[in-house]
Each structure stands twice: as C-alpha cells, then as structure tokens.
Amino acid sequence: MKKFLFLSAIAVIFTACQNKTQYTINGTVTDPMYEGQKVVLVESTDNEMTPVDSTIISNGKFKIKGETESSVLRFISIGEDANKVRSIIMVEPGKINVVYDSAFHVTGSELNDRYSDFNNVQKELNTKARALSEQYNNAMADGTITEDLEAEISSAYEKVADEAKAKSFDFVKANIDNELGQYTFISTSGMFTTEQQKEILAMTSEEFKEKKNVKRIVDQIEAMEAVAIGKDFIDFTMKNPKGEYVSLSDYVGKGKYVFIDFWASWCGPCIQEMPNVVKAYEKYKNKDFEIVGVSLDKDEEKWLQGVKDLNMTWPQMSDLKLWESEAVGLYAIKSIPHTVLLDKEGKIIAKDLRGVELENKLAELME
C-alpha cells in the first residue's frame, strides 16, 4: 500500500511538471477550401522561416502539442508557403486557441490575449483612419471639399494616427522583456521618435541590441543624432549628371544657405512637392541660396529625365544605389522627400521643410 501511494505521488509530481511545460494549440479553420491542408508552426531566425511542427486540417480542426519551458515567438501558417497566410503566435505552456476566418485570431494564454487585445484596438483605429481617408476622397471627387473640411479631416486623421502610435509604444514598452514585445518593436520602430526608441532600447540587454535588425535601429539613432538640428553637415561624394565626381562640400560653406533635397524620379510625393522647390529656387537663387538635389534613383536615364521634366536647374548628384545610397545612412533617411537646410557655414538649421513652411523659412532668412 505504501509503495502504491509512493508511486502515485511520483505520478502526480511527474504530471505537474509536464503540465507546466506542455502546450496545446487547438485550431478551427472556417473556410472549407483549406480542408486537408497543412498547418505549420514556424520559427523565424535571421529572416529565415524554419518549420518546427505541423499537422493537417481535418473537418475544419487541427491540433498541435508540444513542450516549452518559456514563452517563445513563433508564426502559424496555412499551406506550404509560410509567408502567405500566417500570424504571430506566442507558444507558451497551457491551452492556446486559434481561429482562422480570413485572418488569424489567437487567444487563450496571457501573451496571446495581450496581443489579441492590442490588435483589436489597432484594427479599430485603422478602420477610423480608412473612413476619414474615404471621406476626404469622396469630398474631393464630388467637389464638396472646403478648406475647413480638409482641416477638420486632417486634424481627425492626425489624432487617430497619434493614438495608434501611442498604443504601439505603450504595448512595446510593457512587453519589451519578452519576444513578443521585442518583435513588435523591431517591426514598428519606424513610427517611434528617436527619444522613444532610445527609451525602449535602454530597457533591453546588450545581446538584444546586437541583433542584426536591432543594430540597424541603433545605427540609425546614432545617424539621426549626428545630423540633428544644430550639427554640422556630413560630406559625401557622388557623380553629377555629367558623370563627374562632386562633393556636398563643393556647395556648402561658400557663403550661401544650402537646401539639400533628397528625392527620386519614382517618388510621387517628391514630384508633387517639386513645384514648390522650383518656385523657391527661382525666387532666392540670386540671394545667397543654393539647392543640391540628391537622387535615390537606380536608373540613370530615369534620373536624368526626371531632372529635366521637373525643371530642376540646380546642382544634382547621385550614386544610383536607391535605398543603398550612402546618403541614406549618413542622413538617417526613412522616407523621401527628405530635406535638410544648412546655414552659410554648413550647420543644419531645419529639416523636412515643404510648401508653405519652406517658403516662410526662406523668407525669414533672406528677406
């Protein structure tokens, strides 16, 4: 009897240990087109997707079991192509519920519930943003747009966008100690300010900062600080439209204000903004003002045609490397058009001036 009780106690202990590490993913797929297809659990390492477990959808259901001692980030996908239909899933001890009905819904464990709640809030905000965009487009199409209405829609859109950014920042900050928060930070860091990025990174380990994708963020922060307002310009050398090597320093520090315009012939917003830049150049080119265009083009013919078509009569340069251009890293460029205004000594005094802002700043400096 004592032996039986002893063995029973061992069995209870063993079962308890198993329960602490076992996970079960119970899935439902509502669309019959996926019947008989494979559900794959995938690990992402250095941007490579490696399957770690799989099963088959049967009668709209699937189940995956395993063990893990901690919460680990995985992707769950349907079909052979892990990039086609997939979603984040935090694999952690306990029962995890997955429903796929044109999108994945993962719940049932602490981190998956957190991520589900976060995604639901973001979806609501995205819906509001789309509605505002649709309202603006409809008003433009039927001719009912007014300055007041445009300002009202723009203000509402900015408010929604700011709320989405704030929610993302709060989520990442609250979860940066786990793989879910770390992955979300890497994926969404571009929407955060440099100060927010630094605040989050200060909460992480040196090992995390050395990861390839994180190192890129750290390097960009350093680049942003190197070209912050008040800093001296950073020189670089590229070819001009004649194929001659020219440097930024050939134009900077020569007694003129210099407006560096990072653009490309394929960039719609750049083309849209260019008439404002042309207008500014025509007005101030004889008043100690110069523009240097730096193209992120890859095709030389399209670059040169763009210069001609857009009436860009100021100095131009490019290394024709698109986003691999040296200028992108040196000036921490995330998107174009991106502009940098230098004073007569080559110090950065303003960034990303467009339209009325550019006109007002130049008027302040030169009139």
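Structure: see above.
Quick caveat, the model's predicted, so the values are computed rather than measured.

Caption draft 1: Structural view of the overall build of the protein. Looking only at helices and strands, the protein features eleven helices and 15 strands. The C-alpha atoms of the protein give 27 Å as radius of gyration, which overshoots the globular expectation for 367 residues (21 Å, by more than 25%). A principal-axis box enclosing the C-alpha atoms of the protein has dimensions of 105 × 50 × 35 Å. Considering only contacts within the protein whose residues lie at least 6 apart along the sequence, 60% involve residues at least 24 apart. For the protein, the exposed surface amounts to about 20600 Å²; the carbon and sulfur share of it is 50%.

Caption draft 2: Molecular detail of the sheet that holds strand E1 (residues 22-29). If you walk across this open sheet you meet the four strands as E4-E1-E7-E8, and the pairing is mixed. A strand with exactly one partner marks an edge of an open sheet, and here the two such strands are strand E4 (61-67) and strand E8 (104-107). Taking the axes of each pair of neighbouring strands and ignoring which way they run, one obtains an average angle of 15 degrees across the sheet. When E1 meets E4, the two strands line up antiparallel, connected through seven bridges. Following the sheet pairing, Thr28 is matched in E4 by Lys61. Strands in contact with helix H2 (residues 110-142) are strand E7 (94-100) and E8; relative to E8, the strand with the most contacts, it is inclined by about 140 degrees.

Caption draft 3: Highlighting the packing of H2 against helix H3 (residues 147-175). Their axes nearest at 10 Å, the elements H2 and H3 cross at an angle of 165 degrees. One finds that H2 runs roughly antiparallel with respect to H3. Handedness of the H2/H3 crossing: left-handed. Residues of the contact of H2 with H3, tallied by class, amount to 17 nonpolar, five polar and five charged.

Caption draft 4: Examining the sheet that holds strand E3 (residues 48-56) more closely. If you trace the four strands from one edge of the open sheet to the other, you get E3-E2-E5-E6, paired in antiparallel fashion. Because the sheet does not close on itself, it has two edges, and the strands there are E3 and strand E6 (86-91). Here the strands of the sheet are splayed against their neighbours by 35 degrees on average, with no regard to which way each runs. Against the sheet, helix H4 (residues 179-188) touches strand E5 (72-78) and E6, its axis set at about 70 degrees to E5.

Basis of the calculations
Residues numbered from 1 in each chain as written. Predicted model: local features only at pLDDT ≥ 70, side-chain atom pairs only at ≥ 80, totals over all residues. Heavy atoms only, no water. Helix = DSSP H or I, 4+ residues; strand = E, 2+ residues; numbered from the N terminus. Rg over C-alpha atoms; globule rule 2.2 N^0.38 Å. Contact = heavy atoms within 4.5 Å. Areas by Shrake-Rupley, 256 points an atom, 1.4 Å probe, with all protein chains shown as cover. Pairing = 2+ DSSP bridges. Axes fitted to C-alpha atoms, helices over the stretch in contact; angles between N-to-C directions. Parallel < 35°, antiparallel > 145°, perpendicular 65-115°, else oblique. Left-handed = near helix turned anticlockwise from the far one by under 90°. Nonpolar A, V, L, I, M, F, W, Y, C, P; charged D, E, K, R; others polar.

So yeah, pure geometry; function would need other evidence.
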